[in-house]
Amino acid sequence: MTATADKAAADAKAAAQSVAEAASHLAAQTEKSFAEAAKRFEKVVSEGVEQIRAQSRTYADGAGQHLDEAQRYTVEKIREKPLLAAGAALGVGLLVGLLLASGRDR
């Protein structure tokens, strides 16, 4: 009976060793897969960031052009009608002052 028990113990030990080797191999494959996935993810993210940078430059340039046009238009209109512009500035200043003053009352 001891021979049978010894054989069963040896078989169990071999099976445990086989399971440990398989687990080790699986862990190594998983680590390699995660490393590859991380590299792919990093590449995709960096490409996305570059696209966003390029688009934001384009939008910033366009916004700058629109601001320049608005500035030229405003300066032109102020030069055409300086009294109207001064009256509008006075009105806006008065409204802002009233809004600020009403906030203090609360």
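Residues numbered from 1 in each chain as written. Predicted model: local features only at pLDDT ≥ 70, side-chain atom pairs only at ≥ 80, totals over all residues. Heavy atoms only, no water.

**Considering the overall build of the protein chain**
Across its full length, the protein chain carries 2 helices and 0 strands. Taking 106 residues into account, the globule formula puts the C-alpha radius of gyration at 13 Å, and the protein chain, at 38 Å, lies well above it. The principal-axis extents of the C-alpha atoms in the protein chain amount to approximately 115 × 45 × 5 Å. Relative to its full complement of 106 residues, the protein chain shows a buried share of 0%. For the protein chain, the exposed surface amounts to about 9,700 Å²; the carbon and sulfur share of it is 64%. Here the protein chain contributes 14 positive and 14 negative side-chain charges, whose respective centroids are spaced 6 Å apart. (Helix = DSSP H or I, 4+ residues; strand = E, 2+ residues; numbered from the N terminus. Rg over C-alpha atoms; globule rule 2.2 N^0.38 Å. Buried < 20%, exposed > 50% of the residue type's maximum accessible area, 1.4 Å probe, protein only. Areas by Shrake-Rupley, 256 points an atom, 1.4 Å probe, with all protein chains shown as cover. Lys, Arg positive; Asp, Glu negative; His and termini not counted. Charge placed at Lys NZ, Arg CZ, Asp CG, Glu CD.)

**Observations concerning the environment of Val19**
Note on placement: Val19 falls in helix H1 (residues 2-80). A C-alpha to C-alpha distance of 83 Å links Val19 and Ala89, two positions 70 residues apart in sequence.

**Focus on the pattern of salt bridges**
The full count for this structure, using the stated rule, is 3 salt bridges. In this structure, Arg53 engages Glu50 in a salt bridge whose closest nitrogen and oxygen atoms are separated by 3.1 Å. Residue Arg53 and its partner Glu50 are located together in helix H1, separated by 3 residues, close to a single helical turn. (Salt bridge = Lys/Arg side-chain N within 4 Å of Asp/Glu carboxyl O.)

**Section: a nonpolar patch on the surface**
Taken together, the side chains of Phe41, Val45 and Val49 define a hydrophobic patch exposed on the protein surface, amounting to about 270 Å² of accessible area. Tracing the backbone through its elements, the reader meets Phe41 in helix H1. According to the relative accessible area criterion, Phe41 is exposed, its value standing at 59%. (Patch = residues over 30% accessible without salt bridge, like charges linked within 9 Å, V, L, I, M, F, W, Y side chains within 5 Å.)

**A few points about the environment of Leu90**
Inspection of the secondary structure assignment puts Leu90 in helix H2 (residues 82-104). Residue classification places Leu90 among the exposed positions, given a relative accessible area of 63%. Considering only alpha carbons, one finds Leu90 and Leu100, 10 residues apart in sequence, at a separation of 15 Å.

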